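Geometric and topological summary
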Amino acid sequence: VPPLQSASLLPSSADRVLKKNIYTNFRCFNKLRALRASDSATLKTELNLLFDQLISENYSLNHEGIRAEVVCEMLIHASRLVPLSQEHLIIKLCQLIHQLLNQLQVIVDEHTLDVLVSYCSRALRTCSSWTHTEVLLALSSLLYGNGSRCHRHLPELLGPGGILVSHGDPSQPEIELRRSALHCIANLCLSVPGQPYLEEPYKGVCYGILLRTLQSPKPPDVEDIVFCTLLQSALKGMQYFLNGGKWKAVPNQDLGTLLAILKRLMFYGLPGISVEMPQVLYPAPLPQYETVPAAKPEPSQDSTAQKKTNKKRRSRGKGKKAGAEGKKDGEEGEGDHISGPLKTGAGGVDQSGWSHGSQSTSVTSPSGATPQLYPSWKKGSSDSEFSDPEGGMQSKLRLYQARVRQSALQCFLAVVKCVEKRILYGYWSSFVPDAPGIGGPPPLTLLTIALKDPSPKVRAGSLQVLSALLEGSRQFLSNAEDTSAPRQAFTPFSATLAASVRELHRCLLLALVAESSCQTLTQVLKCLAHLVSNVPYNRLRPGLLSPLWKQIRPYVRHRDVNVRVSSLTLFGALVSTQAPLPEIQLLLQQPGSTSALSTPGISTPQELSHNWRLPARRDGEASSPGGGVEGGPEGPCWLLQLCVSLVTQPREEPYSDSDAGGSSGASLEPSPVRLEALQVLAHLVKGYFSMVQTYLLELGQLSARCLAEQDPSVQLHGAKLLEELGTGVIQQYRADANTTPQSAKCVPVCQVVEFWSEVLGGPLISALQNEQHPTLQTSACDTLSSILPQAFSQLPDKTQVLCITILLGLTYSENSLVKPAAVRALGVYILFPCLREVWDHYTCHIYNFQEEFSDMLLLNMLRSATKASGDKDRVKSNAVRALGNLLHFLQPVHLGKPVFEQPLQEAMRALIDTVRGDATMKVRWNACYALGNAFRNHNLPLGSAVWSKEAYSALSYVVTSCKNFKVRIKSAAALSVPLTRDRYGDVHQFAEVWRALAQALEHSEETEDFLEYRYCASLRSQLCRALLHLLSVCQPDDLPALRSSLSDQSRPVLQGFLVHYLSDKGVTLAAGVDGAAGEEAGDHVVPEDGLMVLNETLTRLKGQLEEAVLNSSEDLKTVVNFLEDVVRNSEEMKESDSKGSSLTLSKSPQRK
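Residues numbered from 1 in each chain as written. Predicted model: local features only at pLDDT ≥ 70, side-chain atom pairs only at ≥ 80, totals over all residues. Heavy atoms only, no water.

The name that an unreviewed UniProt entry assigns to the chain is HEAT repeat-containing protein 6, with the source organism given as Cyprinus carpio.

Written as structure tokens, this is what we have:
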């Protein structure tokens, strides 16, 4: 007899019901599996009862113990029991398939898929049309995530005249059939990780059906709500299609057409506006024009009602009625209404409700007299002209239209993720405004939706798309500039882009002020953070950041934890972008104030109605006696004090429900807030160290406190803050190295010694030894490497020995992150003057590295680097660099041994494949550099080895066809490395290299990516240098190839580039082009040296011309004449430049 249970352990009534339902389900399953196919009426009755019983269950609640294989077996058996002549039973079977697979979330196996898809296909071919909707619904559940496994059925489903093609085509009159077929197509397009995607041509068929559906107008006999569901299904299918991989330009898939459709649907049903847009959007720097027809009678009537009810709305803004109306209008969760009157700095609202705000946006007190920023769709129930049933239908229609707009934005987000940014930025002006549109209709962009859509989910969707567009846009936005005076004749692209950036700031500030939904407010702040991180503020007029800075300060006190975290993220972006910015320095110097929330431009709507977390209570800062007097550089940095308080001080007031959990302590801020505050501190220290250096010891104590906590994330952020503090001190002393070693602005060495003494005596050592968290160990190693050398020498000897001993021990770590970090830190220590004697003691026995280097070790290193060159890109970059260094090091004693022959060929093959391959541009750049490095080894059989021709061919291919100009520059540099003619191989190989370089120079200004134009001058300089080098080593047998390229239309182009280079008008080739100074000192030749080389070549060829025979004299004359023209034109250009400069000096006024 089992022991008695306490009352709390007895099964509840809900558990008993659940077990009863599970028992019933299994009993029905077993009864169904026991039936056998026959024509008897008893079987039909039995099946009817069993299907009804199974369909009536809610499997989303009662699914425990029901295995997927049982469901598949039962459905296969049921399909064999129901003949195609029993259409009522087919309907119930299809309903059961749809319900079981959806509620139990079962993806059927391949055998079940094959059987049931065949059954549904036969039913659609033979049964009456009234059954087709239910059959297609079951088919869509079967196809979910199984597109790659349906290859046997694809011809029947998507081939010419296929089931889904005929039912899903816009010509299909039955709208429900169309919608069900679109469900099937969408589920076929759904990609599952690890499985191949839908293959062509069926992929293109799906895209065509979805696109035509989105393009087709609403049939006159179809209800608006039903048509909305059809659009939603097509948009979901298009989203699944786009998620399947990168966008590829094919004839029937035009990006401009798709974007035009999505832009139209983004405004579908938006109250107060009817949109007419072009059928295709074209990539252009200037905005396309949309027409906004006059408002319909309904909006105009609403506008009249708006004038009469403005006063009512102001009083109703904070009441319960407005909140209820917001729910009713949007039915999208919280945030459908604006809580409280919202003001703009100097904005206005026209009759259709579109606001025309000024450049600076601020929130004033409720008693202010400025116009409201109140959307036209915000109406009380008394403003509606519909009766109650009609009003309910209108609310339902608005809900479905909002879902269409949300689906269109989700589809657009998929476009942003799958299309290359450089292509997408061509359509920038179609979705991002560059002017507020004062005096005319506003531009219809993503920001229009963020400001005007009544649904908070749609507003959040538009902000997500805008964030995705802004993410990684730094190179594109770097073209923006408006520091110079405006031009009257035309507007350059840089000015248009700068205007777009300013309009982004203005509109997002309006959205920040007007938003009441916490989820959407979080998206506004995230979007602003992406914008701030990518805008080149040093190329724009100042003043963009100050209004933003003032507006976001109160949001750090917001009741919602996600809003607080996002506001801190935005602060981190502000203090990290292009630091130090003078505008941010001034803002950081402004002290906090107890009256911050009552100051114009600092309050938010949420803060006006809810007195959340006043800054003075948190920061403990006193009010300025002068009422907002800005502090000087010696004043306290309020952002630093705020972040320190968020990390260390207990919270004082209750939080919203979203704050539950996630806190490292019961009384402290939630963990996400504390981590974000620590990141802001790290950014602040990195960008504005001079403003926080007086708090060095306090920040060290804060980091030690974080390292002592149990949360590994807090520990890691504490270590990162320590590293930034140490790096900031080192950079101060490095910047003062050319002036005084102990400048007044530097932190005194004694204070730095005190700082590191406290840090090394705290929990940092424990973090270094924490093998459970290798990431923390890695960060702690980086922290040890940031000790100032002058301070390290003054630390106690035992502390110095402790640092070195721990780092030496970590070099034996098996973790791939910890070991390199420890080695890097020891490499830094080697350069410390106080430790050089120690290192000299350890290295005094190492002499003549080349003689003592083991052949076996070198061979193993060569093989390991070759193997690593096939690894992931991050490893591959270093592996090919290592191969180049090893090949450059090989000596004749190594190359003479047979054991090195195969590894040498494999190493060269790895470099050649990497240069030609589809790896990242960084990897290919390093592979070109490695080949050039190998070519410098005079011991390698370059020119005669088997791999020589392939190496030259790979570099010649890259220098003419690679989209990345930096890779082209590096390949041209490698082609100019060999010093003698024999190392270029035979005549054909030399001719191939010459033609590649000449062709690359001729087309050096042609590129698909405008971001590459910045490297055009460097590319031309390197190509000119390479061509001059080939001319200097050419032999008579090479002249026919040179003549062929100098006798056609390419001659004036090449001559012009060479003259431009030799006359010193081109950009001097910087060493490395990639910032790697010193790596390519041998590659750098200034134009004067090039002119000297050219004169020497010309003298040599003229001497050969006197001895030349008749056959070769024509080739030689052509080359000599070309070179003489180049020399003469370059000298004339230099002479004219010198005369012009002297004339300018003679005309300049003399100083008296």
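1. Description of the overall build of the chain
In terms of regular secondary structure, the chain is built from 53 helices and two strands. Classification of the 1152 residues of the chain by burial places 52% in the buried group. Taking the contacts inside the chain whose residues are at least 6 apart along the sequence as the reference set, 74% of them involve residues at least 24 apart. Entry remark: accessible area of the chain is about 52700 Å², with carbon and sulfur atoms responsible for 54%. (Helix = DSSP H or I, 4+ residues; strand = E, 2+ residues; numbered from the N terminus. Buried < 20%, exposed > 50% of the residue type's maximum accessible area, 1.4 Å probe, protein only. Contact = heavy atoms within 4.5 Å. Areas by Shrake-Rupley, 256 points an atom, 1.4 Å probe, with all protein chains shown as cover.)

2. Section: the environment of Leu 1098
Relative to the elements of secondary structure, Leu 1098 occurs in helix H52 (residues 1087-1107). Measuring from C-alpha to C-alpha, the distance between Leu 1098 and Val 1120 comes to 6.5 Å, with 22 residues separating the pair along the chain. Residue contacts for Leu 1098: discarding those within four places in its chain leaves Val 1120, Leu 1123, Glu 1124 and Val 1127.

3. Some details on unusual backbone geometry
A cis amide bond links Glu 200 to the next residue, Pro 201, at an omega of 5 degrees. Looking at the secondary structure, you find Pro 201 in the loop between helix H9 (175-189) and helix H10 (202-215). At Gln 578, a residue that is not glycine, the phi angle is positive and equals roughly 45 degrees. Inspection of the secondary structure puts Gln 578 in the loop between helix H24 (561-576) and helix H25 (582-589).

4. A short note on the packing of H9 against helix H11 (residues 224-242)
Packing of H9 against H11 leaves a shortest axis separation of 8 Å and a crossing angle of 15 degrees. By the angle class used here, H9 and H11 are roughly parallel. Crossing geometry of H9 relative to H11 is assigned as left-handed. When H9 is examined against H11, the residues Ile 175, Glu 176, Arg 178, Arg 179, Leu 182, His 183, Ala 186, Asn 187 and Cys 189 are found in contact with a partner set consisting of Val 226, Thr 229, Leu 230, Ser 233, Ala 234, Lys 236, Gly 237, Tyr 240 and Phe 241. Grouping the amino acids of the contact of H9 with H11 by side-chain chemistry returns nine nonpolar, five polar and four charged. (Axes fitted to C-alpha atoms, helices over the stretch in contact; angles between N-to-C directions. Parallel < 35°, antiparallel > 145°, perpendicular 65-115°, else oblique. Left-handed = near helix turned anticlockwise from the far one by under 90°. Nonpolar A, V, L, I, M, F, W, Y, C, P; charged D, E, K, R; others polar.)

5. A few points about the pattern of salt bridges
Side chains carrying opposite charge are able to pair once their charged atoms draw close together. All told, the structure shown has 20 salt bridges when counted by the stated rule. In this structure, the salt-bridge partner of Arg 909 is Asp 913, at a minimum N-O distance of 3.2 Å. Residue Arg 909 and its partner Asp 913 are located together in helix H44 (residues 901-916), separated by four residues, close to a single helical turn. Owing to a relative accessible area of 36%, Arg 909 belongs among the partly exposed residues under this scheme. Because the salt bridges share partners, they merge into one network encompassing Asp 482, Arg 502 and Arg 541. (Salt bridge = Lys/Arg side-chain N within 4 Å of Asp/Glu carboxyl O.)

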